[in-house]
Amino acid sequence: MSEPLITIKDLNFFFGQGEARNQILFDINIEFMRGEVIIMTGPSGSGKTTLLTLIGALRTVQQGSLVVSKREYSGLNEKELVKARRNIGFIFQLHNLFDSLTAIQNVQMPMDLKEYTRKQRHELATDVLSKLGLAERLYYKPAALSGGQRQRVAIGRAIVNKPQIILADEPTAALDTEIGRHVIGTLKTTAKENNGVVLIVTHDSRVLDFADRIINMVDGRIASDILVEKSIALCEYLTKSKVFLGLTPAELTEIAYKMKMEKFKPDETIIYQGEEGEKFYIIDEGEVTVQVDGSPVATLGKGDFFGEMALVTGQKRNATCIAKCNSKLFSLDKDAFQKARAACESLPEQLIKVFFQRG
Amino acid sequence: MLHPLAVMNIVHNKSRSLSSIVGISFVIMIIFYQMGAYSKVISASMQVYNELEFDIIVLSNDYFHMGQSFTFPRQRLYQISDISGVETAVPFYIALSPWRNSLNGIIRPILVMAMPINNQGSQVFSSNEIRESLPLIIQPNTLLFDRRSRKFYGPQTPGTTAEIAGNEFKILGNYTMGGAFISTGTTIVSDQNFQRIFFRSLDNVSFGLIRLKNSAHADVVAEKMRQILEEDVLVLTRTELEQREKSYWATTSSVGLLLGSGVIVVFLVGIVILSQVLATQVMNHITEYATLKAFGYSSLHLANIVLQQAFAFVIISYVIGFGLAVGFYKLTSMLAGVPIGMTTYRAIAVALMTIFMGTTASITSLRKVLLADPADVF
């Protein structure tokens, strides 16, 4: 089981003082797990860059707790913050390469802060740049490199010390699709190899599929925190279910985000025949036996769903569902289900079709 | 070891760095030049005295400097000639007189020096060339002419004539001395000829040049003289004279004050220029410094880079400024006839001043770097 590398609790941040004091971040509570690539989106001024700079130890934590690699950042003095930054790789939107230095010298700059021999410095920097496809450009200055090459040098500089945390601000903004995806792909590989966290602030929808999580920030708050893989799987289940036919991918994603994982042991009853309908279920793992009046009538497996009829009709449950083995199910509560239904004008008709098919 | 960023930031933007280096070099060259001129004024105050042989000098109590030396009664020299330790007491005459160029008739003031041409008087000058030529100018209306006199005085060749204060004089020999800041030309005549030029009694002496016996101590003898002599004269040892002259030219004369304050002004201007140059350099790279802070570079690391960059500028500029100053010294020596040369003392002094300027300017620039917010690079 993955453990959190970054844990943020009740984090608030303010700019200015006195009457001019302006709150930028509100009650941020979140964890970033090792090996995760997190994409952070949100409109300008939503606080995502501020959060990035706090995690990067570029600002002082004012209220709340920010723990990075088991170290509490709150209360660190300037000297300790400077030290903390040495374990973080930064990638900037405008690369921020040193114009006067060659690609390899740029990559070697953060290496000055670690204890490398001259030979190690050269070999490591060369190796990193070579892996990024810049073996032939080691001694080129930034002005002689293309935008993509410059950004790859910036990535090389960020990862050369093998930091556990890499913070990137719009790293693909100036890149074409192919290079942009290559850049994020490299970062994802680095996150997995180092068992670290890559946190990317971006508005670039071309690279969203690389993310393990997508966090959306609005007005200094986390508006959504979506586990992408699970979300995609859920959306596929939802699409397959035909219950939500006609909903847009965004609406489906919204439903998926609201679903919760529930675990059931063998022979554990999930719903009872005759009770009020409270939840809609989709099976992620395991099997579920459907019984009517005590007799099994069907067995449902991965991707199958149940519990929708009582929610739509308002009638009592017409069957009992029991976990056949250890099972994981995604559940959607009644309110969320009704809202999704309201969003889909053709839902009643579609449900009738479903009922008809079952009948 | 030099940080590559400090070096490469200078090398990378050549034109910008070059203009900065030219600015700083110019300041350093001006400091060198001002200091050279200043020290020349001071050292030149002794230029003529250095050609004279004496251990103690007797001067008028009204004496300011060689150009305003006034006179005192020759009687004072007789009073002290019998003091134990005194070997000779020779009267020396000095005054400025109009000199007419025999070719174009243009009149310029010239410094006229004179002494009795006898056994004692002939030993007054340390130059053998002068000593050997002195017998030539016993004759009326004859003189020796200084080769370092400016060209506008006319022909210097022995045998040619010139006019001093309306009297025609014949040049019978040359010597090398220079009038420093007192006069652009000098000439040596006998005391008799001096009297002819100025219609001045030889009883009014400009200087009394006292030579002591080998065993005598100048301070002791000078003290004895002060006790004997009236208050209308000053008795100074050679060292005391040198201190007095230098002090006058350094702290009292307008030229000394001008050049001395010039050094201070240029030094201050240098700090301002250097601060501007370094501040511009730092501001041009402020994002880079903020980026370094984001990487975890400490203030000490950054200070090291900024100081290295500043001192690389300063060292390169110093070398260029030094070279330019040597060139200008030569040019000035050639054009103005005032020999100024580079000295180790001055090279070290300006180097120290440059280091001070660099440090002061760096501190100002460093403040900007240390205030750079790494969060701003996002």
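Residues numbered from 1 in each chain as written. Chains lettered and ligands numbered in written order. Predicted model: local features only at pLDDT ≥ 70, side-chain atom pairs only at ≥ 80, totals over all residues. Heavy atoms only, no water.

Peer 1: Could you give me a rundown of the overall build of chain B, with the residues and numbers involved?
Peer 2: Scanning chain B from N- to C-terminus turns up 11 helices and 11 strands. In chain B, which comprises 378 residues, the proportion classed as buried is 51%. Sequence-distant contacts in chain B: of pairs separated by 6 or more residues, those separated by 24 or more amount to 77%. Approximately 16,800 Å² of chain B is accessible, and the part contributed by carbon and sulfur atoms is 60%. (Helix = DSSP H or I, 4+ residues; strand = E, 2+ residues; numbered from the N terminus. Buried < 20%, exposed > 50% of the residue type's maximum accessible area, 1.4 Å probe, protein only. Contact = heavy atoms within 4.5 Å. Areas by Shrake-Rupley, 256 points an atom, 1.4 Å probe, with all protein chains shown as cover.)

Peer 1: Please give an account of a nonpolar patch on the surface that cites residues and values.
Peer 2: Together, Ile316(B), Ile320(B), Leu324(B), Phe328(B), Leu331(B), Met334(B) and Leu335(B) make up an exposed nonpolar region whose accessible area comes to about 640 Å². Locating Phe328(B) in the fold gives a position in helix H10 (residues 299-336). (Patch = residues over 30% accessible without salt bridge, like charges linked within 9 Å, V, L, I, M, F, W, Y side chains within 5 Å. Salt bridge = Lys/Arg side-chain N within 4 Å of Asp/Glu carboxyl O.)

Peer 1: Any chance you could break down the interface of chain A and chain B for me, citing the residues and the numbers?
Peer 2: Residue-level contacts link 26 residues of chain A with 23 residues of chain B. Here chain A and chain B share 0 salt bridges between them. Our enumeration of links across chain A and chain B arrives at 9 residue pairs in polar contact (both at pLDDT 80 or more). Of all elements in the fold, only helix H1 (48-55), helix H2 (78-85) and strand E6 (88-91) of chain A reach the threshold of two or more residues within the side of chain A that touches chain B. By residue class, the composition of the side of chain A that touches chain B is 12 nonpolar, 5 polar and 9 charged. (Polar contact = N/O pair within 3.5 Å; in protein donor to acceptor, adjacent residues only side chain to side chain. Nonpolar A, V, L, I, M, F, W, Y, C, P; charged D, E, K, R; others polar.)

Peer 1: A description of the pairing of strand E8 (residues 186-190) of chain B should follow, citing residues and the corresponding values.
Peer 2: Residues and elements named next belong to chain B. Judged by how many residues are buried, E8 sits mostly within the fold: 5 of 5 residues are covered. Sheet analysis places strand E4 (residues 107-115) next to E8, joined by 5 bridges and oriented parallel. The partner of Ala 114 across the bridge, within E8, is Val 189. Pairing between strand E5 (residues 142-146) and E8: 2 bridges, direction antiparallel. Each residue of the ladder has a partner; that of Leu 144, found in E8, is Ile 188. (Pairing = 2+ DSSP bridges.)

Peer 1: Kindly report on the environment of Phe311(B), identifying the contributing residues and their values.
Peer 2: All names here are of chain B. Mapping Phe 311 onto the fold places it in helix H10. Remark: the alpha-carbon pair of Phe 311 and Thr 359, spanning 48 residues in sequence, is separated by 8.3 Å. For Phe 311, the contacting residues outside a window of four places in its chain are Ile 355, Gly 358, Thr 359 and Ser 362.

Peer 1: Provide a residue-level description of helix H7 (residues 228-241) of chain A, including the pertinent values.
Peer 2: The end-to-end C-alpha separation of H7(A) is 19 Å, in line with the 20 Å expected for 14 residues at 1.5 Å each. Tucked inside the fold, the buried residues of H7(A) contact strand E9 (213-218), strand E10 (221-227), helix H8 (249-258), strand E13 (279-285), strand E16 (305-306) and strand E18 (327-333) of chain A. (Expected span 1.5 Å × (residues − 1).)

Peer 1: Break down the pattern of salt bridges for me, with residues and values.
Peer 2: Evaluated as defined, the whole model comprises 20 salt bridges over all chains. One salt bridge in this structure joins Glu223(B) and Arg226(B), with 3.2 Å as the shortest N-O distance. Residue Glu223(B) and its partner Arg226(B) are located together in helix H6 (residues 218-228), separated by 3 residues, close to a single helical turn. Connected through salt bridges with shared partners, the residues Glu36(A), Arg213(A) and Asp225(A) form a single ionic network.

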